[in-house]
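Chains, contacts and geometry: an overview
The residues making up each chain are set out below.
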Amino acid sequence: PSHILQDIAPYALFWLDTCHDWWMYRGDEAYLKSLLPAMRSTLRWFGERLGPDGLLHHVPSWNFADWADLDSGTFPADAEGRSAYLDLIHILALRDAAEMEDAFGEPWFAAGYRRTADKAAAAAKAAYWSPERKFFADDGARKAFSQHVNALAILADLVPATEAPELLKRTLEDKDLRP
């Protein structure tokens, strides 16, 4: 509850992921099928903010994560308005939506979501991976690093499954990452 507008784009993507979780744990395809138009509209809104590189640029909202040593809970964005946090959440939402579209929606949407997610994943690896630090950075400037982004990179399959345990171990042990 708030007396001011709180337009938080990541929450729209988390809602979509929550729908996917509901389906995985509860089924209820009829109810979720009724939500597909809203899910499509949400992903279309984000799709309108994709740059030619396949990443989100200048998303007009509060890029809120949590209060973990962040300015107003906001993850940084680079000069192009790109944020690894938001891009990785977007990739996860696209993949979850693709699964639901395949199961009880339109396979055409699923194929498009997968193409968009794959392009974004490749672009995120190029934009955010720091070979020097061996971590994913919070933005394209590669100056800030967090546990959030590296955990999301693992969940979004930006690293091979064989390398994910090592990245997770380093993510949890490195005291220079924002917790």
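These lines cover the structure that appears in this document, whether it is placed above or below. (Residues numbered from 1 in each chain as written. Predicted model: local features only at pLDDT ≥ 70, side-chain atom pairs only at ≥ 80, totals over all residues. Heavy atoms only, no water.)

Scanning the protein for helices and strands turns up 6 helices and 2 strands. Order of helices (α) and strands (β) in the protein, N terminus to C terminus: α-α-α-α-β-β-α-α. Seen along its three principal axes, the alpha-carbon backbone of the protein occupies a region of about 45 × 45 × 35 Å. Counting the 179 residues in the protein, one finds 47% classified as buried. Long-range contacts, defined as pairs at least 24 residues apart, comprise 62% of the intrachain contacts of the protein with a sequence gap of at least 6. When the accessible surface of the protein is split by element, carbon and sulfur atoms take 57% of a total near 9500 Å². Within the protein, one finds 19 positive and 28 negative side-chain charges whose respective centroids are separated by 3 Å. (Helix = DSSP H or I, 4+ residues; strand = E, 2+ residues; numbered from the N terminus. Buried < 20%, exposed > 50% of the residue type's maximum accessible area, 1.4 Å probe, protein only. Contact = heavy atoms within 4.5 Å. Areas by Shrake-Rupley, 256 points an atom, 1.4 Å probe, with all protein chains shown as cover. Lys, Arg positive; Asp, Glu negative; His and termini not counted. Charge placed at Lys NZ, Arg CZ, Asp CG, Glu CD.)

As a further point, take the packing of aromatic side chains. A complete count under the given rule lists 6 aromatic pairs for this structure. Between Trp-23 and Phe-104 the ring centres are 5.4 Å apart and the planes differ by 80 degrees, which places this aromatic pair in the edge-to-face class. Separated by 81 residues along the polypeptide, Trp-23 in helix α1 (residues 9–26) and Phe-104 in helix α3 (residues 84–104) bring together distant segments of the chain. We classify Trp-23 as buried; its relative accessible area is 12%. Judged by relative accessible area, which is 7%, Phe-104 ranks as buried. Ring centres 4.9 Å apart and planes at 80 degrees place the aromatic pair Trp-45 and Phe-46 in the edge-to-face group. According to the relative accessible area criterion, Phe-46 is buried, its value standing at 1%. The structure contains a cluster of three or more aromatic residues connected by ring pairs, namely Trp-108, Phe-109 and Tyr-113. The cationic tip of Arg-133 hangs over the ring face of Phe-145; the distance from NZ or CZ to the ring centre is 4.4 Å. (Phe/Tyr/Trp six-rings, centres within 6.5 Å; stacked < 30°, edge-to-face > 60°. Lys NZ or Arg CZ within 6 Å of the ring centre and 35° of its normal.)

Given a rise of 1.5 Å per residue, 21 residues ought to cover 30 Å, and the 30 Å separating the end C-alpha atoms of α3 matches this to within 8%. Most of α3 sits out of view: 17 of its 21 residues are buried. (Expected span 1.5 Å × (residues − 1).)

Moving on: the nonpolar core. If you look at the biggest cluster of nonpolar residues, it comprises 50 residues, and the most contacted ones within it are Met-39, Leu-43, Leu-88, Ile-91, Phe-136 and Leu-158. Those elements that place two or more of their residues in this core are α1, α2 (29–47), α3, α4 (107–128), β2 (135–136), α5 (147–155) and α6 (164–173). Those residues in contact with Met-39 that lie beyond four places of it in its chain are Trp-15, Leu-16, Cys-19, Leu-32 and Met-100. (Core = buried A, V, L, I, M, F, W, Y, C linked by side-chain atoms within 4.5 Å.)

Running from N to C, α2 and α3 cross one another at 140 degrees; their axes reach a closest spacing of 10 Å. The angle between the axes of α2 and α3 places the two elements in the oblique class. Both α2 and α3 take part in a crossing whose hand is left-handed. Together, Glu-29, Leu-32, Lys-33, Leu-36, Met-39, Arg-40, Leu-43 and Phe-46 of α2 and Leu-86, His-90, Ala-93, Leu-94, Ala-97, Met-100, Glu-101 and Phe-104 of α3 make up the contact between the two elements. Here the residues of the contact of α2 with α3 sort into 11 nonpolar, 1 polar and 4 charged. (Axes fitted to C-alpha atoms, helices over the stretch in contact; angles between N-to-C directions. Parallel < 35°, antiparallel > 145°, perpendicular 65-115°, else oblique. Left-handed = near helix turned anticlockwise from the far one by under 90°. Nonpolar A, V, L, I, M, F, W, Y, C, P; charged D, E, K, R; others polar.)

Moving on, we come to α4. Compared with the 32 Å implied by 1.5 Å per residue over 22 residues, the 31 Å span of α4 between its first and last C-alpha is a close match. Looking only at α4, the buried set comprises Ala-110, Gly-112, Tyr-113, Ala-117, Ala-120, Ala-121, Ala-123, Ala-124, Ala-127 and Tyr-128. Packed against the buried residues of α4 are α2, α3, β1 (129–130) and β2.

So yeah, pure geometry; function would need other evidence.
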